[in-house]
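Analysis of the macromolecular model
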Amino acid sequence: SAPGFERCAALACLFMPARELCALSMCSRSAERIAKADHLWSELTARDFSSAHELRQGGSLLTGFLGYSRLSRLWNFPNRSPSWIPELDAYSIYLEIKHGDERVTGGL
């Protein structure tokens, strides 16, 4: 029966990686509903992107499948190896401090 299938499939999905869940979601509407359940993707996001909880604390509204998809696209940008992490000099900010209209200091 369909409800029995959905219960069993939902349990099996707990052990699937993201790529397999995406493939399953293309099979039917029922499979898509099961494979894109937020609780599955929230768990995968926590496992695959260790800093995801900091984004939620910072106000990120994307959770579940959409949140995982966005993080995956950002982290695995084309031509970037999965272990690529920018060097410290890749992060910079221009800071300017003013008092009234007068510039006190600034720089990178």
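You'll find the structure just up there.
Scoring rules and cut-offs
- Residues numbered from 1 in each chain as written.
- Predicted model: local features only at pLDDT ≥ 70, side-chain atom pairs only at ≥ 80, totals over all residues.
- Heavy atoms only, no water.
- Buried < 20%, exposed > 50% of the residue type's maximum accessible area, 1.4 Å probe, protein only.
- Helix = DSSP H or I, 4+ residues; strand = E, 2+ residues; numbered from the N terminus.
- Arc of directions from axis to C-beta.
- Polar contact = N/O pair within 3.5 Å; in protein donor to acceptor, adjacent residues only side chain to side chain.
- Contact = heavy atoms within 4.5 Å.
- Phe/Tyr/Trp six-rings, centres within 6.5 Å; stacked < 30°, edge-to-face > 60°.
- Core = buried A, V, L, I, M, F, W, Y, C linked by side-chain atoms within 4.5 Å.

Considering helix H2 (residues 18–25)
- Where H2 is concerned, the buried positions are Ala 18, Leu 21 and Ser 25. Considered in projection along H2, the buried side chains sweep an arc of 60° and stay on one side of the axis.

Overview of the side chain of Thr 45
- Mapped onto the elements of the fold, Thr 45 is located in helix H4 (residues 38–48).
- By relative accessible area, which is 6% here, Thr 45 ends up buried.
- Only 2.7 Å separates the side chain of Thr 45 from the backbone oxygen of Trp 41, close enough to count as a polar contact.
- For Thr 45, the contacting residues outside a window of four places in its chain are Ala 52, Gly 64, Tyr 68 and Leu 71.

Regarding the packing of aromatic side chains
- Here the structure, examined in full by the defined rule, presents two aromatic pairs.
- Aromatic pair Trp 41 and Phe 65: ring centres 5.0 Å apart, planes at 80°, arrangement edge-to-face. Placement of the pair is Trp 41 in helix H4 and Phe 65 in helix H6 (residues 64–75), with a sequence separation of 24 residues.
- Chaining the aromatic ring pairs together yields one cluster made of Trp 41, Phe 65 and Tyr 68.

Things to note about the nonpolar core
- One finds Leu 21, Leu 40, Trp 41, Leu 44 and Tyr 68 to be the most contacted residues of the largest nonpolar core, which totals 15 residues.
- Secondary structure elements with two or more residues in this core: helix H1 (2–13), H2, helix H3 (29–35), H4 and H6.
- Beyond its immediate sequence surroundings of up to four residues, Leu 44 is in contact with Met 16, Ala 18, Leu 21, Phe 49 and Tyr 68.

Some points on the environment of Ser 42
- You can see Ser 42 is positioned in helix H4.
- Between the C-alpha atoms of Ser 42 and Tyr 68, which are 26 residues apart in sequence, the distance is 7.6 Å.

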